[in-house]
Amino acid sequence: MQGEFPRIFDKHVFCCQNVREPGHPRGCCADKGAVDLREYMKDRCKELGLKKIRINASGCLDRCELGPTMVIYPEGIWYHYQTKEDVDKIIESHLVNDTLVENLMLKPGQKRL
């Protein structure tokens, strides 16, 4: 496709909410607090008035052993996060200021933290 098309959202954040059976060797993002952290992220973005950013729940992103994980488009940047403070860093740096949060980024092919 050629030309510019209007975007509904400037950024899409997909937060893994995958659930696996207890004891699965890869674990799952839901068991690591992903559901509550996504809700927190949605609330913070709303409080900050970030209207062109969509925080989506996602099924498995296939990196649960590194979870909770998220990927932000259109950049395609992957993050690992564990706390509200991590979420705040991602919002402030990546979503507001277009600056990567290097210490939370996941690399292609990364298998452990």
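Refer to the structure presented above.
Attention here is on the structure that accompanies the text.

The rules behind these values
Residues numbered from 1 in each chain as written. Predicted model: local features only at pLDDT ≥ 70, side-chain atom pairs only at ≥ 80, totals over all residues. Heavy atoms only, no water. Phe/Tyr/Trp six-rings, centres within 6.5 Å; stacked < 30°, edge-to-face > 60°. Helix = DSSP H or I, 4+ residues; strand = E, 2+ residues; numbered from the N terminus. Buried < 20%, exposed > 50% of the residue type's maximum accessible area, 1.4 Å probe, protein only. Expected span 1.5 Å × (residues − 1). Arc of directions from axis to C-beta. Core = buried A, V, L, I, M, F, W, Y, C linked by side-chain atoms within 4.5 Å. Contact = heavy atoms within 4.5 Å. Pairing = 2+ DSSP bridges. Axes fitted to C-alpha atoms, helices over the stretch in contact; angles between N-to-C directions.

### What to know about the packing of aromatic side chains
Thinking step 1. A full pass over the atoms with the stated rule returns one aromatic pair.
Thinking step 2. Aromatic pair Phe 14 and Tyr 73: ring centres 6.1 Å apart, planes at 70 degrees, arrangement edge-to-face. Residue Phe 14 is located in strand 1 (residues 11–16), and its partner Tyr 73 is located in strand 3 (residues 69–73); the two are separated by 59 residues in the primary sequence.
Thinking step 3. Assessed through its relative accessible area of 26%, Phe 14 is described here as partly exposed.

### Here we look at helix 1 (residues 34–47)
Thinking step 1. In a regular helix each residue adds 1.5 Å, so 14 residues correspond to 20 Å; helix 1 covers 20 Å between its end C-alpha atoms and thus fits that length.
Thinking step 2. Those residues of helix 1 that sit buried are Ala 34, Leu 37, Arg 38, Tyr 40, Met 41 and Cys 45. Viewed end-on, helix 1 has its buried residues packed into an arc of 160 degrees, placing them on one side of the element. Summarising the geometry of helix 1, the exposed residues directed more than 90 degrees from the buried face are Asp 36, Lys 46 and Glu 47.
Thinking step 3. Backbone geometry just after helix 1 places Gly 49 at a positive phi near 75 degrees.

### Things to note about the nonpolar core
One recurring pattern in soluble globular proteins: nonpolar side chains tend to sit buried together.
Thinking step 1. Within the largest apolar cluster, 29 residues are counted, with the highest numbers of intra-cluster contacts made by Val 13, Met 41, Met 70, Tyr 79, Ile 90 and Leu 95.
Thinking step 2. Counting residues per element, the ones that place at least two in this core are strand 1, helix 1, strand 2 (53–58), strand 3, strand 4 (77–80) and helix 2 (84–96).
Thinking step 3. Tyr 79 has contacts with Pro 68, Thr 69, Met 70, Ile 72, Ile 90, His 94, Leu 100, Val 101, Leu 104, Met 105 and Leu 106, leaving out every residue within four places of it along the chain.

### Points about the sheet that holds strand 4
Thinking step 1. Read from one edge to the other, the open sheet built from four strands follows the order 2-1-3-4, with strand pairing classed as mixed. The strands lining the two open edges of the sheet, one partner per strand, are strand 2 and strand 4. Strand-to-strand, the axes of this sheet are offset by a mean angle of 20 degrees, without reference to chain direction.
Thinking step 2. With four bridges joining them, strand 1 and strand 3 adopt antiparallel strand pairing.

### What to know about the environment of Tyr 73
Thinking step 1. Overall, Tyr 73 belongs to the partly exposed group, its relative accessible area being 38%.
Thinking step 2. Separated by 60 residues in the primary sequence, Tyr 73 and Val 13 have C-alpha atoms spaced 6.5 Å apart.
Thinking step 3. Once you skip the residues sitting within four places of it in the chain, Tyr 73 turns out to touch Asp 10, Lys 11, His 12 and Phe 14.

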